[in-house]
Amino acid sequence: MAGGSCRHPLLILLPLLLAMVPESTQLQSSQTWSLLKIQQLLNYPPVLSTWSNYTDFCYGGDYKTASAFVECYGDSVTQLHIIGSGAGGSPPPPLPKTFSIDAFFTTLTRLPDLRVLTLTGLGLWGPLPGKVSRLASLEIVNVSGNYLYGALPDGLSRLGNLQTFIADDNLLSGELPGWLGKLPSLAVLSLRNNSLQGPLPDSVADMAALRTLSLAGNNLTGGVPDLSSLKNLQVVDLANNSLGPAFPRLGRKVATVVLAGNRFADGLPAGELAGLYLLERLDVSRNRFVGPFPPALLALPSIRFLSVAGNRLTGMLAANMSCGDNLRFVDVSSNLLTGTVPSCLSAASRKAALTAAANCLSPPAAGGGGGDVGWQHPALFCQNQALAVGIVPPDQTARGKKGGAAKAWLVAGVVAGALAAAVLVGVAVFLAVRKVTMRRAKARPPRRLVEHASSAYPSQFFADARYISQTVKLGALGIPAYRSFSLVELEAATNNFEVSCLLGQDAHGQMYRGTLSNGTAVTIRSLRVKRSQTSQSLNRHIEMISKLRHRHLVSALGHCFEYNLDDATVTQLYLVFEYVHNGNLRSRISQGTEGRRLPWVQRISTVIGVAKGIQFLHGGIMPGLFANNLKITNILLDQNLVAKIGSYNIPILAETAKSEGGGNKYPSDRVPNGDKMDIYDFGVILLEVVSGRPITSIHEVEIMREQLQSALTSESPSRRRMLVDPSVGRSCSDESARTAMEICLRCLAKEAAQRPSVEDVLWNLQFAAQVQDDCRGDSRSQSSEESPLSPSQIPRGSISARADAAA
């Protein structure tokens, strides 16, 4: 060759081959040290057991799991995901008191290129430090399920690239900061189930990129800013706060609006709502809305879920009302509606499930296909209630003021005559009532009514504020305040304890259904008090009962003492509880009719509620209540299908039974393995929920337990699907069903020590719900564009990915 040079062909290709090799195949040593330091600061959690000095975090895939992994770009970490203690583990307690969240975030700042940070369910505690601002590249942050407290730090306002911030299920407090409007890229803001308070700042309206605003389960008050300028807003979830009274103004692209459990009042803005063509879910239940129900809501083109339950909406439903093609569920219960069920919501149409109890609707005509409208008030009730809240009947509004002056003298004469008649009638009634009262006083033993209200609500469940249980903080949302009642109130509520109001009777006393003067339906339990029970003992029991208030319990609302005048002893105790009239869980599972059986997602949500109720009974009050004899028929469903434990081991009942020679020889908080007895009972409930078969004996439990064991050891998903209720078999994912079956099998272990804790149960069921939601989200996303705000390598199991999918 020219110049005498002879080069091997490989040498000629070498520069090209070298160009194809990444500049670095190993993470910077300083960042490797930072990751191992994070492992140490987190107290070496099991999910990081594969990390070591020899781990190649960027290019060695062997250490990666669904719950913990790192992503790199070049030789620098860009994503860090650490999710709890793994798919099957129990939620960890708060990290030791030696943990320093300041030192933890100092270590994180040594990963300067970090864009995605997921730290969920790790037991982190402390205030979120302001030095988070040093991670200037952050785009997605998820710190849910920890013990973070205090206000949101100003340092977050300096994260100009932040697109998603999720901090659900923590202890964050204070007001939402005004600098939220300074985050130009923030698309997802989720702070559910914290202790935030005060009003929503007006700057929320300046968050132009916002797609999801989720602030449910806090203590927010005041009005909602005008959000109509937020053109990208799709999800608004402000449930279970104290917001109101005006309905918020929203943009046209909103798809989900959840305002349940607030103080919104006045009428629903029919015109504005009719223009929300993309609205799929609207939940305004448990508010104070009055005025006519807008029929146009049923016909919205995209609406799938509609709930206006628990308001004071009026109007007449008609058979010819139209429904949208996508409508699947409607709840108009506990309003003041009249008329008949629209044909598009009838049982014959099989189009949408309808809940309409506690209105004044007419039953369907024979052969009309109207379906079962449930228990209804008489028509006069709705008319009177409408007048009571200031709603003028339509016939009066049409008249206007025409002819008012001409009728003034006539009205005055009628009023004068009515007053005179009223005086005469009043005198007659007074004399009659006095005569009846004196007769009753002679016929029954003397008594006096004493108001006794317990106002003390101890919160010392843990020695340190960082360890306060969230079950107490979040449990009693939406429940009326506990108070003492007078016997006159209870007699009026039950028509003097009429036999028709009697619900049942046992060794402890009678149970009545009643309606308070404000329309609240209640259950009143009458208990005979033994002379051996001292006032100190009764006060102690009342103190305990006053704490039995939780979203997933049939909660105590108050009590009443009846005294004997002769010796001032208590002769009778009345306990007032919520009245839940939407059936029990079995009626929606194994005995549910076609179209009324709960879907898989709602079943998992329901048993999660039951588990939270058990968790509250065990640890949310001191001392806890155990051995509660839980049964699926005692799990009641309210009008929103929220599960409530209907009966539990109230100490005063056990003490009464013991004084009569029966009952448990142990106090309720000292029953041996009492917590594990509840776990076993829960396992039986979960078994029926999964299988859809009524379980009525221990023998059936043992047979199905063996079938569960066999199905879980099989590699075939079809084997497991055979055990799942056929009505939900197609909709539940194998991973979700498998997780529910695994925790069910552990609950049914013969040895009490082998059964899981209630926290373990709750963690697994929440995981089952998460993977089911992820599965649904993945199936929806196949036909939609990928979000430009979501990094492409977020794992399917991370909550940040789910939030983007939901948005």
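Scroll up to find the structure.
First, a word on what this report is: a plain description of the structure on this page. These numbers come from a predicted model, not from an experiment. The residue numbering used here restarts from 1 in each chain and proceeds along that chain's sequence as written. Per-residue local features are limited, in this predicted model, to residues with pLDDT of at least 70; the limit for side-chain atom pairs, both in listing and counting, is 80 or more; totals at the level of whole chains, interfaces and linings are taken over all residues. Excluded from the side-chain calculation are hydrogens and water; included are all heavy atoms of the structure.

## As for the state of the cysteines
Point 1. In this description, the term disulfide denotes a pair of cysteine sulfurs within 2.5 Å. Within the structure shown, the criterion is met by 3 disulfides.
Point 2. Through a disulfide, C58 is tied to C72; the S-S separation comes to 1.9 Å. Taking the torsion about the sulfur-sulfur bond, which here is approximately -85 degrees, the covalent link between C58 and C72 counts as left-handed. Highlighted residues: C58 in the loop between α2 (29-41) and β1 (68-73) and C72 in strand β1, separated in sequence by 14 residues.
Point 3. Two residues, C323 and C344, share a disulfide whose sulfurs are 2.0 Å apart. When the S-S torsion is 50 degrees, as for the bridge of C323 with C344, the disulfide is right-handed. Highlighted residues: C323 in the loop between β20 (316-317) and β21 (329-331) and C344 in the loop between β22 (338-339) and β23 (353-355), separated in sequence by 21 residues. We note that C323, like C344, is buried.
Point 4. Look at the protein chain and number its bonded cysteines as they come in the sequence; the links are 1-2, 3-4, 5-6. Elements are defined by DSSP. Helices are runs of H or I of four residues or more, strands are runs of E of two residues or more, and each kind is numbered from the N terminus. Exposure categories follow from relative accessible area, calculated using a 1.4 Å probe and restricted to protein chains: below 20% of the type maximum is buried, above 50% is exposed, and the middle band is partly exposed.

## With respect to the pairing of strand β10 (residues 195-198)
Point 1. Inspection of the sheet shows strand β8 (residues 171-175) paired to β10 by 3 bridges, in the parallel sense. Of the residues in β10, the one forming a bridge with S173 is S195.
Point 2. When β10 meets strand β12 (residues 219-222), the two strands line up parallel, connected through 2 bridges. Pairing of Q197 across the sheet is with N219, part of β12. Note on pairing: DSSP must find at least two bridges between two strands before they are called paired.

## Some remarks on the pattern of salt bridges
Point 1. By salt bridge we mean one thing: a side-chain nitrogen of Lys or Arg within 4 Å of a carboxyl oxygen of Asp or Glu. Applying the stated rule across the entire model yields 16 salt bridges.
Point 2. Two residues, R586 and E688, come together in a salt bridge whose shortest N-O distance is 2.8 Å. Within this pair, whereas R586 is found in the loop between β30 (570-578) and α11 (600-620), its partner E688 is found in helix α13 (residues 674-691), the two being separated by 102 residues in sequence. A single burial state applies to R586 and to E688, both of which are buried.
Point 3. The closest approach of N and O atoms between D725 and R597, which form a salt bridge, is 3.1 Å. Note that D725 is positioned in the loop between α15 (717-721) and α16 (734-747) and R597 in the loop between β30 and α11, a separation of 128 residues in sequence.

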